[in-house]
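Listed below are the residues making up each chain.
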Amino acid sequence: MKLLLDATCGGLRASLRLCGHDTAYALDRGIEDDDRLRVLARREDRTLVTRDRELAARTERSVLLTAREVDDQLRELAEAGIPLDVADDPAFCGRCNGSLDAMAETDSTPAYAPDPADQRVWRCVDCGQCFWKGSHWRAMRDRLAAVPREGG
């Protein structure tokens, strides 16, 4: 799913990207103006996620959130039908939303990342950040698994 988070929903970025959603964040694009957000959402075929009632009402595809806390916002997204299942293989960088490529076992990684010969590692093609299924990934997966789902 392609999403656009306005300035009030930036705390959702990493979680949504971990779930395989192509998630743009307005402030990463230098956009705060409502009309520019609406144009960007339409041009990139994205669903706008916002806490701004007026903006949501004026935007064709939008999800209005009322909660301030990220866990509550995740619950609202799940209730709105946004899938929150962690992807087996991450596709989007949690930092910049760039595409991730799996690293070869022979590739070298920065000091903070494990050796790809020992564990699968992905690298962002845009910012170079490395990702792997370590403690942070497990914590995010557990956080998302705890979000109540419709019918659950």
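Refer to the structure printed above.
Residues numbered from 1 in each chain as written. Predicted model: local features only at pLDDT ≥ 70, side-chain atom pairs only at ≥ 80, totals over all residues. Heavy atoms only, no water.

Student: What's the story with the packing of aromatic side chains in this structure? I'm lost.
Tutor: Each aromatic ring pair is summarised here by two numbers: the centre-to-centre distance and the angle between the ring planes. One pass over the full model with this rule turns up one aromatic pair. Centre to centre, the rings of Tyr 112 and Trp 132 are 6.1 Å apart; their planes meet at 35°, and the pair counts as tilted. Of this pair, Tyr 112 sits in the loop between β5 (100–102) and β6 (122–124) while Trp 132 sits in the loop between β7 (130–131) and α5 (135–145); the two residues are 20 residues apart in sequence, bridging distant segments of the chain. Look at Trp 132 and you get partly exposed, because its relative accessible area is 27%. (Phe/Tyr/Trp six-rings, centres within 6.5 Å; stacked < 30°, edge-to-face > 60°. Helix = DSSP H or I, 4+ residues; strand = E, 2+ residues; numbered from the N terminus. Buried < 20%, exposed > 50% of the residue type's maximum accessible area, 1.4 Å probe, protein only.)

Student: What am I meant to see in the pairing of strand β3 (residues 47–50) here?
Tutor: The side chains of a regular strand alternate between both faces of the sheet. Of the two faces of β3, both are covered, the one formed by Thr 47 and Val 49 as well as the one formed by Leu 48 and Thr 50. Where strand β1 (residues 2–5) lies against β3, three bridges are found, and the strand directions are parallel. The residue of β3 that forms the bridge with Leu 3 is Thr 47. The pairing of β3 with strand β4 (residues 62–64) spans three bridges and is parallel. (Pairing = 2+ DSSP bridges.)

Student: What is the right way to read the sheet that holds β4 from this model?
Tutor: Sheet strands pair via backbone hydrogen bonds, and the direction of the pair is either parallel or antiparallel. As summarised here, the arrangement of the four strands in space is β2-β1-β3-β4, forming an open sheet in which the pairing is parallel. Strands with a single pairing partner mark the edges of an open sheet, and in this sheet they are β2 (22–25) and β4. Pairwise comparison of adjacent strand axes, ignoring direction, gives a mean angle of 25° for this sheet. (Axes fitted to C-alpha atoms, helices over the stretch in contact; angles between N-to-C directions.)

Limitation: the analysis is restricted to geometry and does not speak to function.
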